[in-house]
Amino acid sequence: MNQQGMLADALRQQIIDGAFAPGSRLSESAIAEHFGVARNTLREAFRALSEQGLLEHVPHRGVSVASPSIADVIDIYRARRIIECTALLHSEPEHPAVQQMREAVLAAEAAAHDALLDDAETWRAVGSANMAFHVALVSLADSPRLARTYRDLAAELRLAFLKIDDPRSLHEPFVRKNRAVLDTFLARGAAAGAAELERYLVQSERVVLGAFARMQLG
């Protein structure tokens, strides 16, 4: 991978981790200095992340972290249902990625157990473990192209999550639901697991849209 690609990956991870709030402007000079890269290299990385929907470039105003709208959330979940449910429907419990799903569920359960009631940072860590479950689930498809597509989709989703002011209510219920999807898949097969996942994603979308409505987010 070239320098521009590695820089784009590093910036994407920082955005996902919440280092930059949705809608915040990025300082080209500060980021170039932090990573020790030339401005032209940074601009290419910015361009790549803009194409992935993670950054927005406004002429004469610079580059900002994207701030997903209600319409974006609806589209993200539409894509999630197609990608995730199809991947699970056409998979087998013996696939190696199932172990990654188990580990992600256990990590989320442990983080939720140890979380303080109102510690937003800890609940976002629970959200990261939840997201790792879904990334592992998409790995069931054995498609590098699909994995790359989902990586970008998941990053946009995390930006939507970061706009919500109550991460506990957002992430806590889905620790149990990830466990339910995994257990249903292993006990009753792919079709039942995919149906459980479909219901899960519909509810998750409602939770996110409800939070956006409550906070009057566009």
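Thresholds applied
Residues numbered from 1 in each chain as written. Predicted model: local features only at pLDDT ≥ 70, side-chain atom pairs only at ≥ 80, totals over all residues. Heavy atoms only, no water. 1 Å grid on protein atoms, 1.4 Å probe; cavity = no way out; pocket = protein on both sides within 12 Å on 5 of 7 lines; lining within 4 Å. Points joined across faces, edges and corners; volume = space filled by probe spheres on them. Helix = DSSP H or I, 4+ residues; strand = E, 2+ residues; numbered from the N terminus. Pairing = 2+ DSSP bridges.

A look at empty space enclosed by the protein
- If you walk through the whole model with that rule in mind, you get one cavity of 30 Å³ or more.
- Considering only enclosed or pocket space, the largest cavity measures out at about 120 Å³ in volume.
- Lining the largest cavity we find 13 residues, and of these N130, F161, H171, Y200 and S204 sit closest to its centre.
- Residue assignment for the lining of the largest cavity shows that the elements contributing at least two residues are α4 (70–89), α6 (120–138), α7 (144–162), α8 (167–188) and α9 (190–214).

Some thoughts on the pairing of strand β2 (residues 55–58)
- Pairing between β2 and strand β3 (residues 62–65): four bridges, direction antiparallel. Looking across to β3, one finds that H57 is bridged to V63.
- What sits between the antiparallel neighbours β2 and β3 is a turn of three residues, in which H60 has the positive phi angle 70 degrees.

A look at the sheet that holds β3
- The three strands lie next to each other as β1-β3-β2, forming an open sheet whose pairing is antiparallel. Of all the strands in the sheet, just β1 (25–26) and β2 have a single pairing partner and so form its edges.
- Inspection of the sheet shows β1 paired to β3 by two bridges, in the antiparallel sense. For R25, the partnering residue across the bridge sits in β3 and is S64.

Geometric values such as these leave the question of function open.
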